[in-house]
Amino acid sequence: MEPSKIRQKIGRFRILVIGRANAGKTTILQRVCNTRENPEIYNGAGKKIDSTVLTASRERGEHDIEYEMVFQSNPGFVFHDSRGFEAGGEAEFIKVKEFIAGHSKETRLQNRLHAIWYCIPMDEASRSFTHAEIKFFSQCDTGSDSQCSVPVIVLFTKFDALYDVEFRQLRDKGTPRKDAKELAPEHAENSFAKGPQLKFLKGVRWPPKCHVCLPDMDKDDADCGPLIERTAGTLDDKVVEQLFISTQKINIELCMKYAVERTVQRFVDFADTTASRGSWEHDSENG
């Protein structure tokens, strides 16, 4: 099915964003949608919610996970925020589980939850896993039922904080400042690959489909390409994959790659059909 027809039929790609306060969630969503503007908020019935009402609700500690966040720069994405989940309370955890269970079983694709982005910040004060994170990956099954599984992608946000750590260590060893600055990102990635975060995620009962490290998301030239590509790679349903790729607008290479693959597949299908037809006609003539 053509991407334009898929968008017309399904509408929007829906993502649940989970993570602590100050994990950089809003910044990442702005980068994905290529905007600096804040999202508009809608309730489950599609009615826009006034910002003053939202502010008052947040001050009272209230939040509805069913609220839809939409950026006008790319309304093809619908985001849901699990605000309050990071506190680790049982009530909040149950709400998240019920939301995932309910939206993963939606019969209409436009209402179905398509992916979960779990944001874990890597700045110095936040590198150990919280109770809420341990609980989620130990108790929240999002993928055992192949008919309604939702891929979880872990986003290690503020990853550039590890660059600073490695930079200081290199400087302490006598590495010149310029060299230390150039070497720090590679050293950070190597240290992280052997660190406790990935070991933890590999050992939990319900591990994520994949992870992606996101540095410097607060900069204008921030690269969300890896997040888009890794998310696309977790989508088993080809229609949902096409919807995601055609909705995102920042990774043009991925769109081109998919277009080439789709064209090649058409030629393969045409060749197979032609070969089968020729074989059938040959058998008919001999019969």
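The structure under discussion appears in the preceding block.
Basis of the calculations
- Residues numbered from 1 in each chain as written.
- Predicted model: local features only at pLDDT ≥ 70, side-chain atom pairs only at ≥ 80, totals over all residues.
- Heavy atoms only, no water.
- Core = buried A, V, L, I, M, F, W, Y, C linked by side-chain atoms within 4.5 Å.
- Buried < 20%, exposed > 50% of the residue type's maximum accessible area, 1.4 Å probe, protein only.
- Helix = DSSP H or I, 4+ residues; strand = E, 2+ residues; numbered from the N terminus.
- Contact = heavy atoms within 4.5 Å.
- Salt bridge = Lys/Arg side-chain N within 4 Å of Asp/Glu carboxyl O.
- Phe/Tyr/Trp six-rings, centres within 6.5 Å; stacked < 30°, edge-to-face > 60°.
- Polar contact = N/O pair within 3.5 Å; in protein donor to acceptor, adjacent residues only side chain to side chain.

Participant: How should the nonpolar core be read in this particular structure?
Facilitator: Proteins that are soluble and globular tend to have nonpolar side chains buried together. Core analysis: the biggest nonpolar cluster contains 34 residues, and Phe13, Phe79, Trp117 and Leu155 have the highest contact counts within it. Sorting the residues of this core by element identifies strand 1 (13-19), helix 2 (25-32), strand 4 (77-81), strand 5 (115-121), strand 6 (152-157), strand 7 (210-214), helix 9 (225-234) and helix 10 (238-247) as the ones contributing at least two each. Broken down by element, the residue count for this core peaks at four residues, all from helix 10. When neighbours within four sequence positions are excluded, phenylalanine 79 is seen to be in contact with Ile15, Val17, Leu29, Cys33, Tyr67, Glu68, Met69, Phe71 and Trp117.

Participant: Looking at this structure, I do not really get unusual backbone geometry. What am I missing?
Facilitator: What is expected of a backbone is that most residues other than glycine have negative phi and most peptide bonds are trans. For asparagine 34, which is not glycine, the phi torsion reads 55° and is therefore positive. Residue position: asparagine 34 is located in the loop between helix 2 and strand 2 (40-42). Taking relative accessible area as the criterion, asparagine 34 reaches 63% and is therefore assigned exposed. The phi torsion at lysine 158 lies on the positive side, around 55°, for a residue other than glycine. Within the secondary structure, lysine 158 sits in the loop between strand 6 and helix 6 (160-172).

Participant: Where do I start with the pattern of salt bridges in this structure?
Facilitator: One side chain can pair with another of opposite charge once the charged atoms of both are near each other. Counted by the stated rule, this structure contains 10 salt bridges. A salt bridge links glutamate 68 to arginine 12; its shortest N-O distance comes to 3.3 Å. In this pair, glutamate 68 is assigned in strand 3 (residues 68-70) and arginine 12 in the loop between helix 1 (3-10) and strand 1, connecting sequence segments 56 residues apart. Accessibility expressed as a relative area gives 27% for arginine 12, which makes it partly exposed. With a closest N to O distance of 3.7 Å, aspartate 216 and lysine 219 form a salt bridge. Beyond isolated ion pairs, a larger network of salt bridges with shared partners links Arg12, Arg14 and Glu68.

Participant: Help me understand the packing of aromatic side chains, please; the structure alone is not making it clear to me.
Facilitator: Here the distance between the centres and the angle between the planes together describe a pair of aromatic rings. Taken as a whole and judged by the stated rule, the model has 13 aromatic pairs. Ring geometry for phenylalanine 13 and phenylalanine 244: centres 4.9 Å apart, planes at 55°, overall tilted. A residue pair is termed long-range when its members are at least 10 positions apart, and phenylalanine 13 in strand 1 and phenylalanine 244 in helix 10 qualify at 231 residues. Looking at phenylalanine 13, the relative accessible area reads 0%, which means it is buried. Phenylalanine 244 gets classed as buried once you look at its relative accessible area, which sits at 0%. Aromatic rings pair up to connect Phe13, Phe71, Phe77, Phe79, Trp117 and Phe244 into one cluster.

Participant: Honestly, the side chain of aspartate 81 in this entry has me stumped. Any pointers?
Facilitator: Examined against the element boundaries, aspartate 81 turns out to sit in strand 4. Since its relative accessible area comes to 9%, aspartate 81 is described here as buried. There is a polar contact of 3.3 Å between the side chain of aspartate 81 and the side chain of lysine 25. Residues contacting aspartate 81, with those up to four places away along its chain left out, are Val17, Lys25, His63, Ile65 and Met69.

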